[in-house]
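Next come the chains, spelled out residue by residue.
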Amino acid sequence: MTFKQKIKSHYQNLLSEKINELRFMISDLAQDAQNDAKGSAGDKHETALSMMHLEQEKLNQKLAEIIGQKNSVDKIDADAIHAKVALGSMVQTNEMLFYISGALPKITIDNKTIIAVSPESPLGSQLLGKRPGDEVLINSNRFEIKTIE
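Attention here is on the structure that accompanies the text.

Rules of the game
- Residues numbered from 1 in each chain as written.
- Predicted model: local features only at pLDDT ≥ 70, side-chain atom pairs only at ≥ 80, totals over all residues.
- Heavy atoms only, no water.
- Helix = DSSP H or I, 4+ residues; strand = E, 2+ residues; numbered from the N terminus.
- Rg over C-alpha atoms; globule rule 2.2 N^0.38 Å.
- Buried < 20%, exposed > 50% of the residue type's maximum accessible area, 1.4 Å probe, protein only.
- Contact = heavy atoms within 4.5 Å.
- Phe/Tyr/Trp six-rings, centres within 6.5 Å; stacked < 30°, edge-to-face > 60°.
- Polar contact = N/O pair within 3.5 Å; in protein donor to acceptor, adjacent residues only side chain to side chain.
- Salt bridge = Lys/Arg side-chain N within 4 Å of Asp/Glu carboxyl O.

The subject of this paragraph is the overall build of the protein. Looking only at helices and strands, the protein has three helices and six strands in total. Scanning the protein from its N terminus toward the C terminus, one meets helices and strands in the order α-α-β-β-β-β-α-β-β. By the compact-globule yardstick of 15 Å for 149 residues, the protein is too spread out, its C-alpha radius of gyration being 21 Å. Considered along the principal axes of its C-alpha atoms, the protein spans approximately 70 × 35 × 25 Å. In the protein, which comprises 149 residues, the share counted as buried stands at 36%. Partitioning the contacts of the protein with sequence separation of at least 6, the portion at a separation of at least 24 is 58%.

See below:
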């Protein structure tokens, strides 16, 4: 398995776990709301039920966001070698190693720290289309592109 394939696989697993956690939490809330509806009445009950529904809506929004991120990561061709920075590129700069995929947590694989960057982010949008030797400036930090995979 190549380094890029390891990164993609790690993010896919991470996002799958998060999706499963959110689905469990949503299911748990729905079950609690159903059980609460059977045995209570009054203003206190209505407030608790409303709070559960609001929490469920927030979790459903988060779930949709995470599923979207996973779909984006799933579409990345981890075997592609890029001459210019594009979605799925692994970009080694003078400062850090970036994976152009989505706004995902920083990870460490094979003793290398990888920062996932969304192509829509300020840094990601400036990196797109650049080649080795090009530079980008973000918040007075200069990133020189050393290699792209």
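Anyway, onward from the coordinates.
On to the packing of aromatic side chains, then. For the structure on display, the rule yields two aromatic pairs. Ring centres of Y11 and Y99 lie 6.2 Å apart, and the angle between their planes is 5 degrees; this geometry places the pair in the stacked category. With Y11 in helix α1 (residues 3–39) and Y99 in strand β2 (residues 97–100), the pair connects residues that are 88 residues apart, well separated along the chain. With respect to burial, Y11 and Y99 carry one shared label: buried. When the centroid spacing of 5.6 Å and the interplanar angle of 80 degrees are considered together, the rings of F98 and F143 count as edge-to-face. Separated by 45 residues along the polypeptide, F98 in strand β2 and F143 in strand β6 (residues 141–148) bring together distant segments of the chain.

This brings us to the side chain of T93. Relative to the elements of secondary structure, T93 occurs in strand β1 (residues 90–93). Looking at T93, its side chain comes within polar contact range of the main-chain nitrogen of E95, at 3.1 Å. Apart from the residues within four sequence positions on either side, T93 is in contact with F98, F143, E144, I145 and K146.

Okay, the pattern of salt bridges next. Two side chains that carry opposite charge are able to pair once their charged atoms sit near each other. Tallied over the entire structure, the rule returns seven salt bridges. D110 is the salt-bridge partner of K6, the closest N and O atoms lying 2.9 Å from each other. With a gap of 104 residues between them, K6 in helix α1 and D110 in the loop between β3 (107–109) and β4 (112–117) connect regions that are remote in the sequence. K58 is paired through a salt bridge with E55; the nearest N and O atoms lie 4.0 Å apart. In this pair, K58 and E55 are both assigned in helix α2 (residues 43–75), three residues apart and thus about one turn of the helix distant.

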